[in-house]
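# Overview (structure and organization)
Listed here are the chains, written in short residue letters.
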Amino acid sequence: MKPKTIAVVGAAETTRMGRIPDMSVIGLHADAALNALADCGLKPSDIDGVATAGASPVDLAHYLGITPTYADGTSVGGCSFMLHVRHAAAAINEGLCNTVLITHGESGRSRVGAGRFGGSASSLAGQFEMPYGPSGPPTMFTIPVLRYMKTYGVTEEDLAMVAVVQREWAAKNPHAVYRAPLTMEEYLAAPLVADPLSRYDCVPVVAGAQAIIVARPDRAPKGRPGVRVRAHRASYNYDNQEGDGLQTGISTFAAALWQEAGVRPDDIDVASIYDDYPTMVLAQANDLGLIPGNDLARFCRVTIGEKRFPVNTWGGMLSAGQPGGHAGGLNGISEAVLQLQHRAGERQVKDARLAVTTGYGMTMYRYGGTAAAAILERVE
Amino acid sequence: MPPRMLPEPTPETRHFWDGCKAGELRLQRCTECDGGSYFPPRPFCPYCGSRKVEVYPASGKGVLWSYVINHRPRPDMGTEPYAIAVVKLAEGPKMMTNIVGCPQTPQALPLDMAVTVTFAKQNDDISLPFFEPAKG
Ligand SMILES: [Zn+2]
């Protein structure tokens, strides 16, 4: 094993997911953290690094009674938690700390009446976007969707496959908020939110939290396979918002990611691709090189539709829900860890050994400006 | 209905909003490199970092690049669905806007439709640049 190897040694979510009116946001973070610690046989005092977004990492340390030597509050939307993993790996290798707790949690309902979307009236978004009526991420991130469909020849029925198949996975996840089967007819008949997007293109906001623990592989419990971070890359503001929004920052580093990992897209057994909207799954998968010949329609109908390649096996945020506010992003990593440890229950992908996970987020001026991806590997 | 959310100009963007008030869509470009026009406004070139930039009146012509039709109108935007659009200007940059002078339906809003700027006065300081289907 390489000397700088970092692993995800523990992963868990809150004891309950969905509606949790009796727990505060910080309480959700702590509940997931304690479950993740129990998952890998560690105690709070074993943690010397803390990372989270939304909440303050120092508030979380205080709440848990931890005195860390490392804290990371990087907060750039749905990509934050992928970046916490990246920063934790660098910090451990630099000797800043040894064992990092990463949490994400939101009380979905508490967002009601939260600060206005889009920032102050004198910010760039306040001057050049908000006067035209965006009312939240579904009316901002999604503007390129029609262009996407025209450029790549993707239909509503193609896009539906992403949501429909993720719902099939969700049926096998006891914590998913939507578990009943979703038919193509139901998808196409759903009320419009931001035409062409309808209800099932948008993630349900839920209460809950996830936590993972990143450390050297020898911190993993005896007898359980570790999950090594084989490669990790990130990109910020990759096209200065001057492109067409049909690619992501993943396009800038995909070749380097695969090279560092020493594997190819064909080798991947399971993928967790940040699914704020179905088109974004396709954009990231395409940038990663998972879609031969850029044939997005075929990828939807055959690769996803016929379940030839498992994507977002916990149901994704589209079916399992997104702990609101700072967006999900940690749930995809948690799922990949469970799959690689062969602990994913009914939804286990047989013999899963390699996973790719991504994050995408932070609306800047029109579309997501931050992207990250990692290749994770089962280590016996 | 609450008043519409309006921009609050800063010193770096004042020329743009003054232009809208005067019925002129003003862009900026660098005089030191070939990077071309850019938007939103800033007092330096985003391609080379030079502060030697100029403001000039754009053609006001463009094409409808993409959009969504918001079916859950923001309270200050009324009760009917409206398109939130991005227009690609003839000079290159893209900007967010609303499309006026046509129904807010997919049928009336084909991608790549030619559009022209029009200014809608909101108060003594602010006119918003909207776009309408090009005539002829
Ligand atoms: Zn320049």
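Criteria and cut-off values
Residues numbered from 1 in each chain as written. Chains lettered and ligands numbered in written order. Predicted model: local features only at pLDDT ≥ 70, side-chain atom pairs only at ≥ 80, totals over all residues. Heavy atoms only, no water. Donors = N, O, S within 2.8 Å, 3.2 Å for Na, K, Ca; no water. Tetrahedral: all angles 85-135°; square planar, octahedral: opposite > 155°, others 65-115°. Buried < 20%, exposed > 50% of the residue type's maximum accessible area, 1.4 Å probe, protein only. Domains from an automatic or database assignment. Contact = heavy atoms within 4.5 Å. Buried area = accessible area lost by both parts, 1.4 Å probe. Salt bridge = Lys/Arg side-chain N within 4 Å of Asp/Glu carboxyl O. Polar contact = N/O pair within 3.5 Å; in protein donor to acceptor, adjacent residues only side chain to side chain. Helix = DSSP H or I, 4+ residues; strand = E, 2+ residues; numbered from the N terminus. Nonpolar A, V, L, I, M, F, W, Y, C, P; charged D, E, K, R; others polar.

## Comments concerning the coordination of the zinc ion
All names here are of chain B. Each protein donor to the zinc ion is listed here as Cys30 (SG), Cys33 (SG), Cys45 (SG) and Cys48 (SG); together their distances run 2.3 to 2.4 Å. Taken together, the four donor atoms coordinating the zinc ion span angles of 107 to 113° at the metal, a pattern that classifies the geometry as tetrahedral. One chain supplies every donor to the zinc ion, and in sequence these donors are spaced C-x2-C-x11-C-x2-C. Residue classification places cysteine 30 among the buried positions, given a relative accessible area of 10%.

## Remarks on the domain arrangement of chain A
Residues and elements named next belong to chain A. Parsing chain A into structural domains produces domain 1 (3–115 + 209–218) and domain 2 (124–202 + 230–378). Distance between the C-alpha centres of domain 1 and domain 2: 23 Å. Domain 1 puts 30 residues into the contact, and the matching count from domain 2 is 32 residues. Of the roughly 2500 Å² buried between domain 1 and domain 2 on both sides combined, carbon and sulfur atoms contribute 66%. For the domain 1 face of the interface with domain 2, the top three residues by lost area are Gly78, Met82 and Arg86, together amounting to 24%. At the surface where domain 1 touches domain 2, the tally comes to one salt bridge. We note a salt bridge from aspartate 39 to arginine 343, for which the minimum N-O separation is 2.8 Å. Where domain 1 touches domain 2, the interface holds four residue pairs in polar contact (both at pLDDT 80 or more). For the side of domain 1 that touches domain 2, the secondary structure elements donating two or more residues are strand E1 (7–13), helix H3 (80–94), strand E4 (99–106) and strand E8 (208–215). At six residues, H3 tops the list of elements feeding residues into the side of domain 1 that touches domain 2.

## Some words on unusual backbone geometry
The omega torsion across aspartate 195 of chain A and proline 196 of chain A is 15°, close enough to zero to call that bond cis. Take proline 196 of chain A: it is sitting in the loop between strand E5 (192–195) and strand E6 (197–198). Of note, the bond from phenylalanine 39 of chain B into proline 40 of chain B is cis; its omega dihedral lies within 30 degrees of zero at 0°. Despite not being glycine, lysine 307 of chain A has its phi angle at roughly 55°, a positive value. Positionally, lysine 307 of chain A belongs in the loop between helix H10 (296–304) and helix H11 (316–320). Judged by relative accessible area, lysine 307 of chain A falls into the partly exposed class, the value being 34%.

## Comments concerning the environment of glycine 249 of chain A
Residue and element names in this part refer to chain A. Turning to its location among the elements, glycine 249 is positioned in the loop between strand E9 (226–236) and helix H8 (250–261). Its relative accessible area of 3% is what places glycine 249 among the buried residues. The sequence separation of glycine 249 and glycine 262 amounts to 13 residues, and the corresponding C-alpha distance is 21 Å. Sequence-distant contacts of glycine 249, that is, excluding residues within four places in its chain, are made with Ser235, Tyr238 and Ala371.

## Describing the interface of chain B and chain A
It is common to report an interface's size as the accessible area lost on association of the parts. Chain B puts 40 residues into the contact, and the matching count from chain A is 34 residues. Summed over both partners, the interface of chain B with chain A comes to about 3300 Å²; 59% of that surface belongs to carbon and sulfur atoms. Taken together, the links from chain B to chain A amount to two salt bridges. Two residues, lysine 150 of chain A and aspartate 112 of chain B, come together in a salt bridge whose shortest N-O distance is 2.7 Å. Taken together, the links from chain B to chain A amount to 19 residue pairs in polar contact (both at pLDDT 80 or more). Where the side of chain B that touches chain A is concerned, the elements lending two or more residues are helix H1 (14–21), strand E4 (61–70), strand E5 (82–89), strand E6 (94–97) and strand E8 (127–133) of chain B. Among the residues making up the side of chain B that touches chain A, the classes are represented as 26 nonpolar, seven polar and seven charged.

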